[in-house]
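Working through the structure, step by step
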Amino acid sequence: MSAFAAITTALTTVAPGLEDPFGAVLALPGNPNPQAPPGAQNIENVLGYIKWGAGAAIVAGFFAGVALFAGGRIADHHRFGRMGAITMFASVGAAFLYAIGYSVLTTFAAG
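Below: a short report on this structure. (Residues numbered from 1 in each chain as written. Predicted model: local features only at pLDDT ≥ 70, side-chain atom pairs only at ≥ 80, totals over all residues. Heavy atoms only, no water.)

1. Details of the overall build of the protein
A tally of helices and strands in the protein yields three helices and zero strands. Traced from its N-terminal end to its C-terminal end, the protein shows the element sequence α-α-α. Relative to its 111 residues, the protein shows a buried fraction of 9%. Carbon and sulfur atoms provide 72% of the accessible area of the protein, an area that totals close to 9,000 Å². (Helix = DSSP H or I, 4+ residues; strand = E, 2+ residues; numbered from the N terminus. Buried < 20%, exposed > 50% of the residue type's maximum accessible area, 1.4 Å probe, protein only. Areas by Shrake-Rupley, 256 points an atom, 1.4 Å probe, with all protein chains shown as cover.)

As structure tokens, then:
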């Protein structure tokens, strides 16, 4: 028995005719089935836009890392070269998570 059902049963057996100041009998609402809000079918479009943006950011980050790495090595500025290498490695890691993220999340959600 759920907590809501227990409270409903307790209130209806203890005080079946309990009234509020306006004279209406107090009644707890039923337990409705869950339903999606209006426009919920569009959430897949929004998620698709977010996923596309994340993919574009990963690609842009990788090429920015390549430019930083090359520019740092050409100008003999080792800090920029190192930051470019780190950016490229981070982009590859993000691409890996991008590729397997959906399957990992659905596996965890399925239990």
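Okay, back to it.
2. A look at helix 3 (residues 78-110)
For helix 3, which comprises 33 residues, the first-to-last C-alpha distance of 47 Å matches the rise-based estimate of 48 Å (1.5 Å per residue) to within 8%. Its maximal kink placed at I100, helix 3 deviates by approximately 50°. Regarding helix 3, the residues found buried are G81, G84, A85, M88 and S91. Of the surrounding elements, those touching the buried residues of helix 3 are helix 2 (43-74). (Expected span 1.5 Å × (residues − 1). Bend = angle between axes of the 7 residues up to and from the residue. Contact = heavy atoms within 4.5 Å.)

3. Brief notes about the packing of aromatic side chains
According to the stated counting rule, one finds one aromatic pair in the structure shown. With a centroid separation of 5.6 Å and 75° between ring planes, the pair formed by F62 and F63 is classed as edge-to-face. Residue classification places F63 among the exposed positions, given a relative accessible area of 54%. One Lys or Arg, K51, reaches over the ring of Y98 and ends 5.8 Å from the middle of that ring. (Phe/Tyr/Trp six-rings, centres within 6.5 Å; stacked < 30°, edge-to-face > 60°. Lys NZ or Arg CZ within 6 Å of the ring centre and 35° of its normal.)

4. Considerations on the packing of helix 2 against helix 3
Helix-helix packing is described using two parameters, namely the angle between the two axes and the distance between the axes. Contact geometry of helix 2 with helix 3 gives a least axis separation of 7 Å together with a crossing angle of 155°. Viewed along their axes, helix 2 and helix 3 adopt a mutual orientation that is roughly antiparallel. In the crossing of helix 2 with helix 3, the sense of the turn from one axis to the other is left-handed. Contacts from K51, A54, G55, I58, G61, F62, G65, V66, L68, F69, G72 and R73 of helix 2 reach helix 3 at H78, F80, G81, G84, A85, T87, M88, S91, V92, A94, A95 and Y98. Among the residues making up the contact of helix 2 with helix 3, the classes are represented as 13 nonpolar, nine polar and two charged. (Axes fitted to C-alpha atoms, helices over the stretch in contact; angles between N-to-C directions. Parallel < 35°, antiparallel > 145°, perpendicular 65-115°, else oblique. Left-handed = near helix turned anticlockwise from the far one by under 90°. Nonpolar A, V, L, I, M, F, W, Y, C, P; charged D, E, K, R; others polar.)

5. Some remarks on helix 2
Between its first and last C-alpha atoms helix 2 spans 46 Å; for 32 residues at 1.5 Å apiece the expected length is 46 Å, and the two agree. G55, I58, G61, G65 and G72 are the residues of helix 2 that are buried. Against the buried residues of helix 2 lie helix 3. Positive backbone phi, at 55°, marks D76, one or two positions downstream of helix 2.

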